[in-house]
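These are the residues of each chain, in order.
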Amino acid sequence: MHSIAKKILSREEFKNKPPVLVDVGASGEIHAKWREIAPYSICIAFDADDRKFDISEEDNQGFKKLYKFNCIVSDQEVEKLDFHLTKSPYCSSTLIPDQNSVKDYIFSPYFELDRTIQLNNISISHALEKLSLDYIDWLKTDSQGIDLRILRSLKADIQDNTLAIDFEPGLTQTYNGEDSASSVLSYMAGKNFWLSEYEVQKVIRGNHKTYENLFSGALNKRLAKVTLKKAPLWVEISYLNNLEKENIAIRDFLLGLLFTMINKEYVVALELARKGKQIYSDPIFDEIEAEVYAKIKKNFWSEAFFNEVVKKFKSIF
């Protein structure tokens with residue numbers, strides 16, 4: 001797909017308006033889905049806990065342009081906010097961990113509070129203004145509890161014109177007052193998006209000390225994590241714009257179609273390629289259609305698919 005992505009993103013429509021990718025809770029690595037589009041894209045990355053975020057301002061890390069904000073990003077327009085540093089940097093948040101909830105999971109020490117500090121805060125809207133940008137194409141947010149609030153803080157037209165959105169909300173209240181998966185689903189149901197992925201993430205439920213006493217040593221812990229049943233705790237959700245807006249620009253339609261292919265929604269991508277051909281009469285859609293057919297064929301006859309068919313067949317008989 002690299003060639004078709006390059007062909008699309010090298011077009012005139014993207015020279016003055018390249019894809020804008022917003023990464024809230026950035027880890028310092030390119031999001032896996034963004035690797036092939038990164039060289040053509042502007043990335044705006046936020047991470048408040050700089051103990052694990054050290055991308056230099058000069059290093060674009062594979063993006064056309066990278067803007068890094070080492071500050072809190074929230075839905076609030078205030079200069080500073082309390083930020084609760086936990087034992088694991090990946091669990092730090094503007095929200096306080098719900099100790100009563102996390103105590104029942106083996107990773108509860110990760111959420112132990114180290115200290116609370118005040119950090120500079122910015123909203124995505126303010127960040128866009130600073131960068132003289134007025135649009136987002138792909139929003140990825142792992143904000144430790146305020147994903148939905150961050151989306152809702154954006155102007156309605158920016159929300160509705162975003163082409164892909166990734167959330168990581170909790171299924172339980174890991175943090176006090178966090179945005180739950182159900183609240184995300186409820187809000188997005190009224191938007192011009194459809195649910196592409198809903199990957200439930202699980203953790204072994206049980207007291208940390210009990211777990212440590214049962215499984216001492218690194219090898220035993222690794223085996224335990226493979227063999228013991230896990231309980232659902234949070235979910236990785238991906239939404240794609242349905243691209244049904246009237247008079248949608250070919251730039252946005254092409255990029256939304258490319259994002260659909262990146263998310264491996266090949267049947268939808270095929271339908272969009274045919275629709276694009278009718279609306280815009282541009283030969284690029286013939287090339288995209290051929291690429292989607294090739295992807296479908298490759299995936300259909302792949303070894304993984306064959307093994308899955310055999311498994312299903314055996315279960316029937």
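Conventions used here
Residues numbered from 1 in each chain as written. Predicted model: local features only at pLDDT ≥ 70, side-chain atom pairs only at ≥ 80, totals over all residues. Heavy atoms only, no water. Helix = DSSP H or I, 4+ residues; strand = E, 2+ residues; numbered from the N terminus. Buried < 20%, exposed > 50% of the residue type's maximum accessible area, 1.4 Å probe, protein only. Areas by Shrake-Rupley, 256 points an atom, 1.4 Å probe, with all protein chains shown as cover. Contact = heavy atoms within 4.5 Å. 1 Å grid on protein atoms, 1.4 Å probe; cavity = no way out; pocket = protein on both sides within 12 Å on 5 of 7 lines; lining within 4 Å. Points joined across faces, edges and corners; volume = space filled by probe spheres on them. Nonpolar A, V, L, I, M, F, W, Y, C, P; charged D, E, K, R; others polar. Expected span 1.5 Å × (residues − 1). Phe/Tyr/Trp six-rings, centres within 6.5 Å; stacked < 30°, edge-to-face > 60°. Lys NZ or Arg CZ within 6 Å of the ring centre and 35° of its normal. Pairing = 2+ DSSP bridges. Polar contact = N/O pair within 3.5 Å; in protein donor to acceptor, adjacent residues only side chain to side chain.

A.B. asks: Any details on the overall build of the protein? Residues and values, ideally.
C.D. replies: Scanning the protein from terminus to terminus reveals twelve helices and ten strands. By the burial criterion, 49% of the 317 residues in the protein qualify as buried. If you sum the accessible surface of the protein, you get close to 16700 Å²; carbon and sulfur atoms cover 52% of it.

A.B. asks: Any chance you could break down the environment of Met188 for me, citing the residues and the numbers?
C.D. replies: Along the polypeptide, Met188 turns up in helix H6 (residues 181–188). It is 8.5 Å that separates the C-alpha atoms of Met188 and Tyr239, two residues lying 51 residues apart in sequence. If near-sequence neighbours (up to four positions away) are discounted, Met188 is found in contact with Leu151, Ile165, Phe167, Phe193 and Tyr239.

A.B. asks: Mind laying out the layout of surface pockets, listing which residues take part and the relevant values?
C.D. replies: Considering only enclosed or pocket space, the second largest pocket measures out at about 220 Å³ in volume. Among the elements of the structure, helix H7 (208–214) and helix H8 (218–227) are those that each provide at least two residues to the lining of the second largest pocket. When its residues are assigned to classes, the lining of the second largest pocket shows seven nonpolar, one polar and four charged.

A.B. asks: How would you summarise helix H9 (residues 250–262) if you had to cite specific residues and measurements?
C.D. replies: Taking 1.5 Å of rise per residue, the 13 residues of H9 would be expected to cover 18 Å, and the 18 Å separating its terminal C-alpha atoms lies within 8% of that figure. The buried count for H9 comes to 13 of 13 residues, which makes it a mostly enclosed element. Looking one or two residues past H9, Lys264 carries a phi angle of roughly 60 degrees, positive in sign.

A.B. asks: Tell me about the packing of aromatic side chains, and please be specific about residues and values.
C.D. replies: Considering all chains together, one arrives at twelve aromatic pairs under this definition. Judged by centre distance (5.9 Å) and plane angle (70 degrees), the ring pair of Phe253 and Phe285 falls under edge-to-face. With a gap of 32 residues between them, Phe253 in helix H9 and Phe285 in helix H11 (residues 284–300) connect regions that are remote in the sequence. What makes Phe253 buried here is its relative accessible area of 0%. One aromatic cluster is present, built from ring pairs that chain together Tyr105, Phe107, Tyr110, Phe111 and Tyr175. When the ring centre of Tyr135 is taken as reference, the NZ or CZ atom of Lys17 above it lies at 4.8 Å.

A.B. asks: Let's hear about the sheet that holds strand S4 (residues 72–73): which residues, and what values?
C.D. replies: Taking strand neighbours across the sheet as the criterion, the three strands line up as S4-S6-S5 in an open arrangement whose pairing is mixed. The two strands at the open ends of the sheet, each matched to only one other strand, are S4 and strand S5 (80–86). Sheet analysis places S4 next to strand S6 (residues 113–122), joined by two bridges and oriented parallel. When the sheet's bridge partners are listed, Val73 is paired in S6 with Ile122.

A.B. asks: Quick one: what's the story with the environment of Asp166, residue by residue and with numbers?
C.D. replies: Turning to its location among the elements, Asp166 is positioned in strand S8 (residues 164–167). Every residue in contact with Asp166, bar those within four places of it in the chain, is listed here: His31, Lys33, Trp138, Leu139, Lys140, Thr141, Ile237 and Ser238. A polar contact is formed between the side chain of Asp166 and the side chain of Ser238, at a distance of 2.9 Å.

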